[in-house]
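Overview (structure and organization)
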Amino acid sequence: MPAIPIGTVAIIGGTGRLGMGLARRLAKAGVPIVIGSRDPAKARAAAQSLVGNIRGAVNDDAAEAADFIIIAVPYEAHRTTLESLAAAVAGKVVVDTAVPVEFAGGLRVNRVQAGSLAQETAQILSGAKVAAAFHTVSAPMLSDVSRPIHGDVLICGDEPAAKEAAATLARAIGMRPVDVGGLAEAHALEQLAGLLLVMNRRYKRRDLGITIAGL
Ligand SMILES: NC(=O)c1ccc[n+]([C@@H]2O[C@H](COP(=O)([O-])OP(=O)(O)OC[C@H]3O[C@@H](n4cnc5c(N)ncnc54)[C@H](OP(=O)(O)O)[C@@H]3O)[C@@H](O)[C@H]2O)c1
């Protein structure tokens, strides 16, 4: 996947664990970031806690202001958040990180009627170019910028421009992008993320990742 120049990146749900981890790493690489939140004051506080070209805004304004939009909200917030963003992301690249995982009554990765959460995203945001990536990248690993980064970024999507953008973001933070195919493969990435959560528990870790051997 060829590299493309990175413009401003909005992180929807950017005040959370994965969003802040990605913001730290991308800001360190010099990428302009807008941290999105439902609450503008929370977004500003999160942005002020980081170093780099970072500001905070409510989610829709963050999406409006950016060239690339990363979705980093939990499953339960996914559909409603995306529905509110449809106009702001039209024609833009959206990289979805979300996993349809539920923790109540035991960890479970839910089946999604569209086939995967990323395919649901492409249906809801039909005017955007959607890729799915970063599902298997640990937020605690990203957040500690003093530590070397590990693992690959597995990417799928039906829009080459969206996959290229996700690959460029991966390279910017020092990770290797791996193209795993079309959005139809996203359900496997989402399941793999659930497996990593189980393995993190088993091995008492918070930072396990996936590296593709032999590539
Ligand atoms: N954590 C990881 O290591 C990791 C790794 C790979 C993929 N992911 C995926 O990334 C996504 C985010 O994970 P996370 O661990 O970063 O989540 P999180 O910290 O629990 O939440 C992220 C942000 O989402 C917003 N949010 C929470 N509940 C919401 C609701 N009901 N409605 C609207 N917005 C809500 C909050 O932002 P505001 O309150 O500021 O609006 C919150 O800071 C998930 O889909 C997860 O599967 C996570």
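The paragraphs below set out a description of the structure included in this document.

Regarding the pairing of strand β4 (residues 68-71)
Burial along β4 is two-sided: the face carrying Phe68 and Ile70 and the face carrying Ile69 and Ile71 are both buried. The pairing of strand β1 (residues 9-12) with β4 spans four bridges and is parallel. Across the sheet, residue valine 9 finds its bridge partner in β4, namely phenylalanine 68. As defined by bridge partners, β4 adjoins strand β5 (residues 93-96) across four bridges and the pair is classed as parallel. From the neighbouring strand, isoleucine 71 faces β5, where its bridge partner is aspartate 96. For the crossover from β4 across helix α4 (residues 75-85) to β5, the handedness is right-handed.

Details of the side chain of aspartate 96
One can find aspartate 96 in strand β5. With no salt bridge to any partner, buried aspartate 96 finds its closest opposite charge in arginine 79, at an N-O distance of 11 Å. At 2.6 Å, the side chain of aspartate 96 forms a polar contact with the side chain of threonine 121. Every residue in contact with aspartate 96, bar those within four places of it in the chain, is listed here: Ile71, His78, Leu117, Ala118, Thr121, Ala131, Ala132, Ala133 and His135.

Some details on the site of the ligand
Neighbouring the ligand are 21 residues, the closest being Thr15, Leu18, Ser37, Lys42 and Val73. Take arginine 38: an N or O atom from its side chain is 2.8 Å from an oxygen atom of the ligand. Between threonine 97 and the ligand, the recorded distance is 3.3 Å, taken from a side-chain N or O atom to an oxygen atom. Contact with the protein chains hides 78% of the accessible area of the ligand, taken as 890 Å² for the molecule alone. Sorting the residues of the shell around the ligand by element identifies α1 (17-28) and α4 as the ones contributing at least two each. Here the shell around the ligand is composed, by residue class, of ten nonpolar, eight polar and three charged.

Quick look at the packing of α4 against helix α5 (residues 117-124)
Interhelical geometry of α4 versus α5 gives an angle of 15° and a closest axis separation of 10 Å. With respect to each other, α4 and α5 are oriented roughly parallel. Of the two elements, α4 crosses α5, and the hand of that crossing is right-handed. Across the interface between the two elements, Tyr75, His78, Arg79, Leu82 and Glu83 from α4 touch Leu117, Glu120, Thr121 and Ile124 from α5. Classifying every residue of the contact of α4 with α5 gives four nonpolar, two polar and three charged.

Concerning the pattern of salt bridges
For side chains bearing opposite charge, pairing can occur when the charged atoms are close. Using the criterion set out here, one finds seven salt bridges in the structure. A salt bridge links arginine 79 to glutamate 120, with the shortest nitrogen-to-oxygen separation between them at 3.8 Å. Taken together, the residues span a long stretch of sequence, with arginine 79 in helix α4 and glutamate 120 in helix α5 at a distance of 41 residues. Arginine 79 gets classed as partly exposed once you look at its relative accessible area, which sits at 40%.

Section: the side chain of glutamate 120
Taking the relative accessible area as the measure of exposure, glutamate 120 reaches 12% and is therefore buried. Setting aside anything within four residues of it in sequence, one finds glutamate 120 in contact with His78, Arg79, Val112 and Ala114.

A short note on the layout of surface pockets
There is about 1200 Å³ of room inside the largest pocket. Lining the largest pocket we find 42 residues, and of these Arg17, Leu18, Pro74, Phe103 and Ala139 sit closest to its centre. Elements that contribute at least two residues to the lining of the largest pocket include exactly α1, α4, α6 (139-143) and α8 (186-202). Of all the elements, α4 adds the most residues to the lining of the largest pocket, at six residues.

Cut-off values and rules
- Residues numbered from 1 in each chain as written.
- Predicted model: local features only at pLDDT ≥ 70, side-chain atom pairs only at ≥ 80, totals over all residues.
- Heavy atoms only, no water.
- Buried < 20%, exposed > 50% of the residue type's maximum accessible area, 1.4 Å probe, protein only.
- Helix = DSSP H or I, 4+ residues; strand = E, 2+ residues; numbered from the N terminus.
- Pairing = 2+ DSSP bridges.
- Right-handed = clockwise from strand over helix to strand, strands pointing away.
- Lys, Arg positive; Asp, Glu negative; His and termini not counted.
- Salt bridge = Lys/Arg side-chain N within 4 Å of Asp/Glu carboxyl O.
- Polar contact = N/O pair within 3.5 Å; in protein donor to acceptor, adjacent residues only side chain to side chain.
- Contact = heavy atoms within 4.5 Å.
- Near = heavy atom within 4 Å.
- Areas by Shrake-Rupley, 256 points an atom, 1.4 Å probe, with all protein chains shown as cover.
- Nonpolar A, V, L, I, M, F, W, Y, C, P; charged D, E, K, R; others polar.
- Axes fitted to C-alpha atoms, helices over the stretch in contact; angles between N-to-C directions.
- Parallel < 35°, antiparallel > 145°, perpendicular 65-115°, else oblique.
- Left-handed = near helix turned anticlockwise from the far one by under 90°.
- 1 Å grid on protein atoms, 1.4 Å probe; cavity = no way out; pocket = protein on both sides within 12 Å on 5 of 7 lines; lining within 4 Å.
- Points joined across faces, edges and corners; volume = space filled by probe spheres on them.

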